[in-house]
2 protein chains.
Amino acid sequence: MCSRPTPRPAPRTGRPRSAEADEAILEATREVLVELGWSKLTMGDVAGRAGVAKTTLYRRWANKNELVVDAVAVLFDELELPDLGSLQADIEHVVLQFAALLERPETKTALMAVVAESTRDVPLRERIRASIVERQKRLVLDGRRRAQERGELPADRDPVSVDATDDLIFDVVAGAVVHRALVSAEPVDTAWVNRLSALLVGGLGAVAALG
Amino acid sequence: MCSRPTPRPAPRTGRPRSAEADEAILEATREVLVELGWSKLTMGDVAGRAGVAKTTLYRRWANKNELVVDAVAVLFDELELPDLGSLQADIEHVVLQFAALLERPETKTALMAVVAESTRDVPLRERIRASIVERQKRLVLDGRRRAQERGELPADRDPVSVDATDDLIFDVVAGAVVHRALVSAEPVDTAWVNRLSALLVGGLGAVAALG
DNA sequence: AGCCTTTCGCTACGGGTCGTAGCGTAAGGG
DNA sequence: CCCTTACGCTACGACCCGTAGCGAAAGGCT
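Residues numbered from 1 in each chain as written. Chains lettered and ligands numbered in written order. Predicted model: local features only at pLDDT ≥ 70, side-chain atom pairs only at ≥ 80, totals over all residues. Heavy atoms only, no water.

Before we go on, may I ask you to explain the relation of the copies chain B and chain A in this structure?
The operation relating the two chain copies consists of a rotation about an axis and a shift along that axis. The transformation that overlays chain B on chain A combines an axial shift of 0.0 Å with a rotation of 180°, and the residual RMSD is 0.1 Å. On the angle and the small slide along the axis, the relation comes out as a two-fold axis. In this assembly, 100% of the residues forming the interface of chain B have copies in chain A that are likewise at the interface, indicating an isologous arrangement. (Least-squares fit on C-alpha atoms with pLDDT ≥ 70 in both. Contact = heavy atoms within 4.5 Å.)

Shown next, in the form of structure tokens:
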């Protein structure tokens, strides 16, 4: 999953864009995010650190937000869902992974900022959805499927209801972790994760009973 | 609960600060948030609409973020927790209220932005906590107390555990709603709220069993 | 009333960032 | 080898920031 700059209509001729420059720019962006944070990140600074002209940045990304999304999106590749034998164990593992990701200064400062911008920028929202949100959501689908295979959850009956429950679980888990880490600004430790997973596993039965 | 500008050491003499200017500035800030969003909001624009000199803004707020927090904080006053007779009904009501608040363009664009900034600005985080987060958290405490009075939840045993559960519920509810509304960008309708409240009420028993 | 202190509106300013234009050069593809 | 595009560089106007300095206004205090 390499993040791609702004989609270009694939010219078949002329000098190709430098892939090294792509990676250098994204790397420099993450660097600046760590050192200065999102609000103090400037395109000129990123270009300088990447050893690239500022105009090169603008040839690939329309603005700061799209650049930052691409720079941070690759970090979400490390989210995985190993089979730990039980739904609760799977949940706790992925929650701790996600929390660790949110502890990194580059994601902490960038994620909320781009989400805030996306409320007024539809293309940006779509970019976030495709490169970050969709990737996380797959983990929920995989986790449910495994739990069903183990018999921890009943098999699908109403597909609409299943989708709604998947959506709910995703928003609850991701939202709770983000809120705990960034709004409450308190640690996502094992004690908290235990409580969260207990809440989810205990509540899933009640939700399934809704139909 | 009127939001106060930057705390001043209460001079007992000299010309008092204009309270009308305070309100005009905060009102103008909300106006600009609605029309232009957080990222395009400028201090000069706010000052112009408020009929006030730009220097007057800087005498009261150190920067854009603190101003926006104060301008948005008053909107959270409308959150209330009427007693609807059951824990689930109370939850659903407050969730729908919170969702309606997040639907307003001024809160939608401002809330995530200032939270993002607060990850690198401790005074700002404290301001958000005091004027917004604490106000929401009180609703959780009230809701739990009522549910205990009704006998829907067991009486307190371990106070530490109770605090931890309150924290968890707060992060889960607020986080889930924010995530649904701003990240997933899907409507917080009654169907979704029903599922969320069912999850919470059903899961609370399991959490209480943890001790 | 009259003084004192602080706020107010106004103007101006240096410093910084944005996003773009224009140029000559570099690097592949047919 | 030519054509097309990317690249680095410089320069630019536009905008916003946050502050300084000024004279005027508005209350408190005696």
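Additional details are given in the paragraphs that follow.
Honestly, unusual backbone geometry in this entry has me stumped. Any pointers?
Trans peptide bonds make up most of the peptide bonds, and negative phi angles are found at most residues other than glycine. Of note in the backbone geometry, A:Ala185 takes a positive phi value of approximately 55° without being a glycine. Among the structural elements, A:Ala185 can be located in the loop between helix 8 (159-183) and helix 9 (190-209). (Helix = DSSP H or I, 4+ residues; strand = E, 2+ residues; numbered from the N terminus.)

In this structure, what is going on with helix 8 (residues 159-183) of chain B? I would like to understand it.
In an α-helix, one turn spans 3.6 residues, which is why side chains three or four residues apart end up on the same side. All names here are of chain B. For helix 8, built from 25 residues, the straight-helix expectation of 36 Å at 1.5 Å per residue is met to within 8% by its first-to-last C-alpha distance of 34 Å. Most of helix 8 sits out of view: 21 of its 25 residues are buried. Near the N-terminus of helix 8, the side chain that reaches the backbone nitrogen of Val-160, with its oxygen 3.1 Å away, is that of Asp-158. Positive backbone phi, at 55°, marks Ala-185, one or two positions downstream of helix 8. (Expected span 1.5 Å × (residues − 1). Buried < 20%, exposed > 50% of the residue type's maximum accessible area, 1.4 Å probe, protein only. Polar contact = N/O pair within 3.5 Å; in protein donor to acceptor, adjacent residues only side chain to side chain.)

It is not clear to me how the protein's contact with DNA strand D should be interpreted in this structure. Could you clarify?
If you check the shell around DNA strand D, you find 23 residues, and the closest are A:Gly14, A:Arg15, A:Thr56, A:Arg60 and B:Tyr58. In DNA strand D, atoms within 4 Å of the protein come 61% from sugar and phosphate. In this structure, a base oxygen belonging to DNA strand D sits 3.2 Å away from a main-chain N or O atom of A:Arg15. A:Ser18 places a main-chain nitrogen or oxygen 3.0 Å from a phosphate oxygen of DNA strand D. Mapped by element, the contributors of at least two residues to the surface near DNA strand D are helix 3 (54-60) of chain A together with helix 2 (43-50) and helix 3 (54-60) of chain B. Here the surface near DNA strand D takes four residues from helix 3 of chain A, the largest share from any one element. (Near = heavy atom within 4 Å.)

Sorry if this is basic, but what is going on with the nonpolar core here?
Side chains that are nonpolar tend, in soluble globular proteins, to be buried together. Core analysis: the largest hydrophobic core is formed by 137 residues, its most contacted members being A:Val95 and B:Val95. At twelve residues, helix 8 of chain B tops the list of elements feeding residues into this core. Shared between two domains, this core holds at least three residues of each, these being domain 1 (19-60) and domain 2 (73-209) of chain A. With near-sequence residues (within four places) excluded, A:Val95 lies in contact with A:Val173, A:Val177, A:Val188, A:Val193 and A:Leu196. (Core = buried A, V, L, I, M, F, W, Y, C linked by side-chain atoms within 4.5 Å. Domains from an automatic or database assignment.)

Can you help me understand the environment of B:Arg180 in this one?
Of note, B:Arg180 is situated in helix 8. Assessed through its relative accessible area of 7%, B:Arg180 is described here as buried. For the pair B:Arg180 and B:Trp192, spaced twelve residues apart in the sequence, the C-alpha separation amounts to 9.5 Å. Not counting residues up to four positions away in its chain, the partners in contact with B:Arg180 are A:Asp167, A:Asp171, B:Ala185, B:Glu186, B:Pro187, B:Val188 and B:Trp192. At 3.1 Å, the side chain of B:Arg180 forms a polar contact with the backbone oxygen of B:Pro187.

I would appreciate a short explanation of the UniProt feature "domain: HTH tetR-type" (unreviewed entry) in chain A in the present structure.
Look at the UniProt record and you will see "domain: HTH tetR-type" (unreviewed entry) annotated at residues 19-79 of chain A. As a span, residues 19-79 of chain A carries 70% helix and 0% strand, and end to end its C-alpha atoms are 25 Å apart. (UniProt positions renumbered as here; feature names shortened; annotations may be inferred.)

What's the story with the protein's contact with DNA strand C in this structure? I'm lost.
Taken together, 22 residues are adjacent to DNA strand C, and A:Tyr58, B:Gly14, B:Arg15, B:Thr56 and B:Arg60 come closest. Each atom of DNA strand C within 4 Å of the protein belongs either to a base or to sugar and phosphate, the latter forming 60%. Take B:Arg59: an N or O atom from its side chain is 3.5 Å from a base oxygen of DNA strand C. Of all elements in the fold, only helix 2 (43-50) and helix 3 of chain A together with helix 3 of chain B reach the threshold of two or more residues within the surface near DNA strand C. The leading source of residues in the surface near DNA strand C is helix 3 of chain B, at four residues. Tallied by class, residues from the surface near DNA strand C come to five nonpolar, ten polar and seven charged. (Nonpolar A, V, L, I, M, F, W, Y, C, P; charged D, E, K, R; others polar.)

How do you make sense of the packing of helix 6 (residues 105-118) of chain A against helix 7 (residues 122-150) of chain A when you look at a structure like this?
The geometry of a pair of packed helices is captured by two quantities: the angle between their axes and the separation between those axes. Residues and elements named next belong to chain A. In contact at an axis separation of 8 Å, helix 6 and helix 7 are set at 135° when each is read in the N-to-C sense. As the angle between them shows, helix 6 and helix 7 are arranged oblique. Considering the relative orientation of helix 6 and helix 7, their crossing is left-handed. Residues Leu-111, Val-114, Val-115, Glu-117 and Ser-118 of helix 6 pack against Leu-124, Arg-125, Ile-128 and Ile-132 of helix 7. Partitioned by chemical class, the residues of the contact of helix 6 with helix 7 number six nonpolar, one polar and two charged. (Axes fitted to C-alpha atoms, helices over the stretch in contact; angles between N-to-C directions. Parallel < 35°, antiparallel > 145°, perpendicular 65-115°, else oblique. Left-handed = near helix turned anticlockwise from the far one by under 90°.)

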